[in-house]
Amino acid sequence: MTTHARIVVTRAIPEAGLELLRQAATVWVNPEDRPLTRQELLAQAATAHGVLGLLTDRIDADFFDAAPLLRGYANYAVGYDNIDVPEATRRGIPVSNTPDVLTLATAELAFGLILAVARHIVAADGVMRSGNWSGWGPLQFIGTELTGKTLGIYGPGRIGTAVARLSRGFAMAIVTCGGRRPNEELVRDFGARALAFEDFLATADVVAITAPLNPQTRHAFNAEAFARMRPSALLVNTGRGPIIDEAALVTALGEGRIAGAGLDVYEFEPRMAAGLAALPNVVITPHIGSATDIARNGMATLAARNLLAMLEGTSPPTCLNPEILGRP
Ligand code: DGY
């Protein structure tokens, strides 16, 4: 076990992960409740043997240049669009993410958003809080029933599959689009049909975006895509914000081209597109998909185990570039 290693944690994570790290190394944790600035990140990286960082930390060639002692980087997230993995691989630096431990938490939030949008739960809550409710009315807050409708999973990986499993109680038909390989579980257990993007858009009553951000998915949901969706369709995004052209979404929602949206992620976090928050048919949460005690503790211990393995030169449990392990 490395005893003289210095580990940098770019923002406080649950204690379970920090404890593991402290048993093996000297650990510096960002004392502020905010991400490090770029300058602070590079300054800390200069003397770090290992860095445990966030989805908001850009891990690229400049970062690696600034970190001559670095033997590994562990992302505290399953999504890793913030890491230049090929660059890390070229330099022989292992990098990791935190899959599986946050799958259920994120899928449950996606389903919560679907229900909240379908039944106007947040707007209705607002009326109660305002003290302006005049009593039961036959035409108030008429929403969409999910049972028997078609759920479209865009990016049917671990989280998308978990969203489909949660839809079982609503007897929803499943269609999918994208993903690295056909999703055997969804085909076998749900009779899911994998559709080309245009057919997918035209078929789904509810679209759940659970894809990673990459050049293929960036702005996949743009004005053209919204024009192909059903006017009654609901769109929920718990993947990454830039998969949606957010300004185009505001226009589509405002013009009634689609019926509603539930968003947990944004194109330019922490900002939102102008006009989004003023729309009545959106539910917006601040990137809390993995924010449960089980998921966040699981992420902390998995990221810590990954980083310690990198420092010890053993196999990290969820390495993104395992091909470099054992390379001299
Ligand atoms: C992730 O893990 O990629 C989420 O966006 C944060 O939990």
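Around the ligand, the surrounding shell consists of L55, A77, V78, G79, L102, R240, H287, S290 and M299. A distance of 2.6 Å separates an oxygen atom of the ligand from a polar side-chain atom of R240. Between the ligand and the protein, one listed contact pairs an oxygen atom with a side-chain N or O atom of H287 at 2.7 Å. Burial of the ligand by the surrounding chains reaches 90%, relative to a free accessible area of 230 Å². Per-class residue counts for the shell around the ligand are five nonpolar, three polar and one charged.

Let us now look at the domain arrangement of the protein. Split by domain assignment, the protein resolves into domain 1 (6-101 + 293-324) and domain 2 (103-284). Taken over C-alpha atoms, the centre of domain 1 sits 31 Å from the centre of domain 2. Every contact between the two is made by eight residues of domain 1 and, on the other side, five residues of domain 2. Summed over both sides, the interface of domain 1 with domain 2 buries roughly 580 Å², with 47% coming from carbon and sulfur.

You can see A194 is positioned in strand β8 (residues 193-194). Overall, A194 belongs to the exposed group, its relative accessible area being 68%. Each C-alpha atom of the pair A194 and N321 lies 29 Å from the other, and the pair is 127 residues apart in sequence.

When you line up the elements, D264 lands in the loop between β11 (260-263) and β12 (282-284). Here D264 sits buried without a salt bridge, and the closest side chain of opposite charge, R296, lies 7.4 Å off (N-O distance). Only 2.8 Å separates the side chain of D264 from the backbone nitrogen of G289, close enough to count as a polar contact. When neighbours within four sequence positions are excluded, D264 is seen to be in contact with L109, L113, N237, T238, E269, T285, P286, H287, I288 and G289.

Once that is clear, we can look at the packing of aromatic side chains. Applying the stated criterion across every chain yields a total of seven aromatic pairs. On the numbers, 6.3 Å between centres and 45° between planes, the contact of Y154 with F200 is tilted. In this pair, Y154 is assigned in strand β6 (residues 150-154) and F200 in helix α9 (residues 197-203), connecting sequence segments 46 residues apart. In this structure, Y154 and F200 share a single accessibility class: buried. Between F197 and F221, the ring centres sit 5.4 Å apart and the planes meet at 90°, which makes this aromatic pair edge-to-face. Within this pair, whereas F197 is found in helix α9, its partner F221 is found in the loop between β9 (206-209) and α10 (223-228), the two being separated by 24 residues in sequence.

Cut-offs used in this document
Residues numbered from 1 in each chain as written. Predicted model: local features only at pLDDT ≥ 70, side-chain atom pairs only at ≥ 80, totals over all residues. Heavy atoms only, no water. Near = heavy atom within 4 Å. Polar contact = N/O pair within 3.5 Å; in protein donor to acceptor, adjacent residues only side chain to side chain. Areas by Shrake-Rupley, 256 points an atom, 1.4 Å probe, with all protein chains shown as cover. Nonpolar A, V, L, I, M, F, W, Y, C, P; charged D, E, K, R; others polar. Domains from an automatic or database assignment. Contact = heavy atoms within 4.5 Å. Buried area = accessible area lost by both parts, 1.4 Å probe. Helix = DSSP H or I, 4+ residues; strand = E, 2+ residues; numbered from the N terminus. Buried < 20%, exposed > 50% of the residue type's maximum accessible area, 1.4 Å probe, protein only. Lys, Arg positive; Asp, Glu negative; His and termini not counted. Salt bridge = Lys/Arg side-chain N within 4 Å of Asp/Glu carboxyl O. Phe/Tyr/Trp six-rings, centres within 6.5 Å; stacked < 30°, edge-to-face > 60°.

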